[in-house]
Every structure is written in C-alpha cells, then in structure tokens.
Amino acid sequence: DAKTTQPTSMDCAEGRAANLPCNHSTISGNEYVYWYRQIHSQGPQYIIHGLKNNETNEMASLIITEDRKSSTLILPHATLRDTAVYYCIALGAGGTSYGKLTFGQGTILTVHP
Amino acid sequence: GAGVSQSPSNKVTEKGKDVELRCDPISGHTALYWYRQSLGQGLEFLIYFQGNSAPDKSGLPSDRFSAERTGGSVSTLTIQRTQQEDSAVYLCASSRYRDSYNEQFFGPGTRLTVL
C-alpha cells in the first residue's frame with residue numbers, strides 16, 4: 001500500500017473551511033484514497049473515499065489531483081466537534097490488503113472559536 | 001440503527017491472566033475486523049473475518065492471541081497470559097464487504113490495562 005504523508009497539525013476557525021492535505025506520490029492505479037477521523041476517546045469514523053474523481057458527501061469533499069499524487073479533504077464549515085485526528089490512507093479495494101486499515105500519525109485538526 | 005458495540009468498555013487485569021473481549025457487529029455486515037491502538041500509536045490490524053471463509057490472522061502478534069466469530073455475528077478476541085505490552089485500546093469494526101470500498105464502522109473500543 002502506498003505511503004501517505006500528512007502535516008502533523010492544523011488549526012481552523014469555527015465556521016471556516018478546513019483543508020487537510022495528503023501526499024501519496026507512490027499510489028498505484030487500483031488504490032483508493034480513504035479518509036477517516038478519530039475524535040478523542042472514540043473509535044475511528046469513515047469520512048469519504050475516492051479513486052480519481054472528486055467526491056462529496058454530507059460530511060466532506062475530497063479533491064484528488066489529476067496525477068493522483070496528492071489529495072485534499074475539505075470540511076466546508078468546520079465546527080468545534082470536527083476537532084479530531086484525520087487519517088489519509090491509500091488502499092487497494094481488494095487482494096491481500098483488503099480490510100487492513102493502517103493509520104499513521106495523521107493530522108491533528110483543532111477547530112477554535 | 002445500532003452501531004458496533006464492544007464489551008467491556010474498560011478491562012484491568014493482572015499480568016498472566018486471560019481476557020476475553022467481545023464485539024457485536026452491525027446486523028447484516030459480513031466482514032468483521034479487530035485492531036488495536038496503543039497510546040500515541042497508529043492503528044494496528046489484528047484479524048479479519050469474512051463470512052464463512054477462513055479468517056486472515058496475519059496481524060496477530062503472537063499465539064497468545066486468538067479470535068473466533070460464532071454464527072457469522074458476534075466475535076470474541078481472547079488474549080492468554082496477558083503481558084504489560086498488551087495494554088492498548090482494542091477496536092472492532094464491521095463492513096458489508098460486498099461494497100467496493102473499505103468503509104468500516106468502528107465500535108467504541110475496549111481499553112485493556114495489564115498491571
């Protein structure tokens with residue numbers, strides 16, 4: 001699975017958009033980009049995933065560059081409850097790696113009033 | 001609807017004792033996963049069950065760890081002769097599997113402390 005690189009921490013003002021970058025320069029053609037987050041003392045929570053097209057759901061938007069070497073997770077109107085560690089993962093949809101989520105250090109997003 | 005539930009939420013045990021951790025996945029989810037997360041560390045895959053297939057045990061750290069899933073639903077993770085390095089939060093997740101992506105739904109975890 002491709003290695004991902006994220007900033008250690010980011011701050012965002014409440015109500016503003018939070019843009020979390022992720023580099024995955026060695027991603028292969030069949031690997032999806034997934035985003036999970038983990039709020040303190042809770043289990044991880046799925047946010048969004050994508051292959052090569054931009055994606056949007058009720059929680060966030062995912063922008064993937066054309067060469068797929070990087071992506072950005074966008075929380076359009078961050079709230080205090082969005083304070084969490086955000087994990088970017090590149091993972092194939094099948095094969096021996098299926099289901100084996102491996103989180104690195106992620107990005108600690110702090111949303112402040 | 002109900003999410004993934006785990007019990008107990010906290011477990012304190014003495015070194016050398018056996019412990020059992022329970023996971024109730026979301027109804028209808030055919031895939032079930034166990035992970036652990038040590039303090040300040042990332043997520044570590046332990047074992048994966050899919051339907052009636054043989055489980056993928058490739059992440060179990062030693063033969064003291066075992067897991068079973070009865071009736072394709074509830075799962076139990078057993079740690080024998082616990083060691084202090086087993087202290088961690090043990091997380092269970094489930095997914096529908098037939099989806100083309102890894103959207104896993106996690107439980108709140110069991111915090112295991114080995115004294």
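Residues numbered from 1 in each chain as written. Chains lettered and ligands numbered in written order. Predicted model: local features only at pLDDT ≥ 70, side-chain atom pairs only at ≥ 80, totals over all residues. Heavy atoms only, no water.

Asker: Go over the overall build of chain A, please, and point to the residues and values.
Answerer: Assigned secondary structure in chain A consists of zero helices and nine strands. Along chain A, helices (α) and strands (β) appear in the sequence β-β-β-β-β-β-β-β-β when read from the amino end. In terms of overall size, chain A behaves like a compact globule, its C-alpha atoms giving a radius of gyration of 13 Å where 113 residues would be expected to give roughly 13 Å. Taking the principal axes of the C-alpha coordinates as reference, chain A spans close to 45 × 30 × 25 Å. (Helix = DSSP H or I, 4+ residues; strand = E, 2+ residues; numbered from the N terminus. Rg over C-alpha atoms; globule rule 2.2 N^0.38 Å.)

Asker: Got a sec to walk through the state of the cysteines? Specific residues and values, please.
Answerer: Residues and elements named next belong to chain A. In this structure the tally under the stated criterion is two disulfides over all chains. In this model, C22 is linked to C88 through a disulfide, with the two sulfur atoms separated by 2.1 Å. Between C22 and C88, the disulfide has an S-S torsion of -80 degrees and is therefore left-handed. On the criterion of sequence distance, the pair formed by C22 in strand β2 (residues 18–23) and C88 in strand β8 (residues 84–92) is long-range, its members being 66 residues apart. (Disulfide = S-S within 2.5 Å.)

Asker: Which residues make up the sheet that holds strand β5 (residues 55–56) of chain A, and what values do they have?
Answerer: All names here are of chain A. Judged by pairing direction, the sheet is antiparallel, and its four strands sit side by side in the order β2-β7-β6-β5 without closing on themselves. Among the strands making up the open sheet, the edge pair consists of β2 and β5. By the bridge criterion, two bridges tie β5 to strand β6 (residues 61–64) in an arrangement that is antiparallel. Along β6, the bridge assignment pairs T56 with S61. (Pairing = 2+ DSSP bridges.)

Asker: Before we move on, can you summarise the nonpolar core with the specific residues and values?
Answerer: Residue and element names in this part refer to chain A. With 22 residues, the main nonpolar core has W35, L73, Y86 and L109 as its most contacted residues. Mapped onto this core, the elements with two or more residues apiece are β2, β3 (31–38), β4 (45–50), β6, β7 (70–75), β8 and β9 (107–112). Broken down by element, the residue count for this core peaks at four residues, all from β8. (Core = buried A, V, L, I, M, F, W, Y, C linked by side-chain atoms within 4.5 Å. Buried < 20%, exposed > 50% of the residue type's maximum accessible area, 1.4 Å probe, protein only.)

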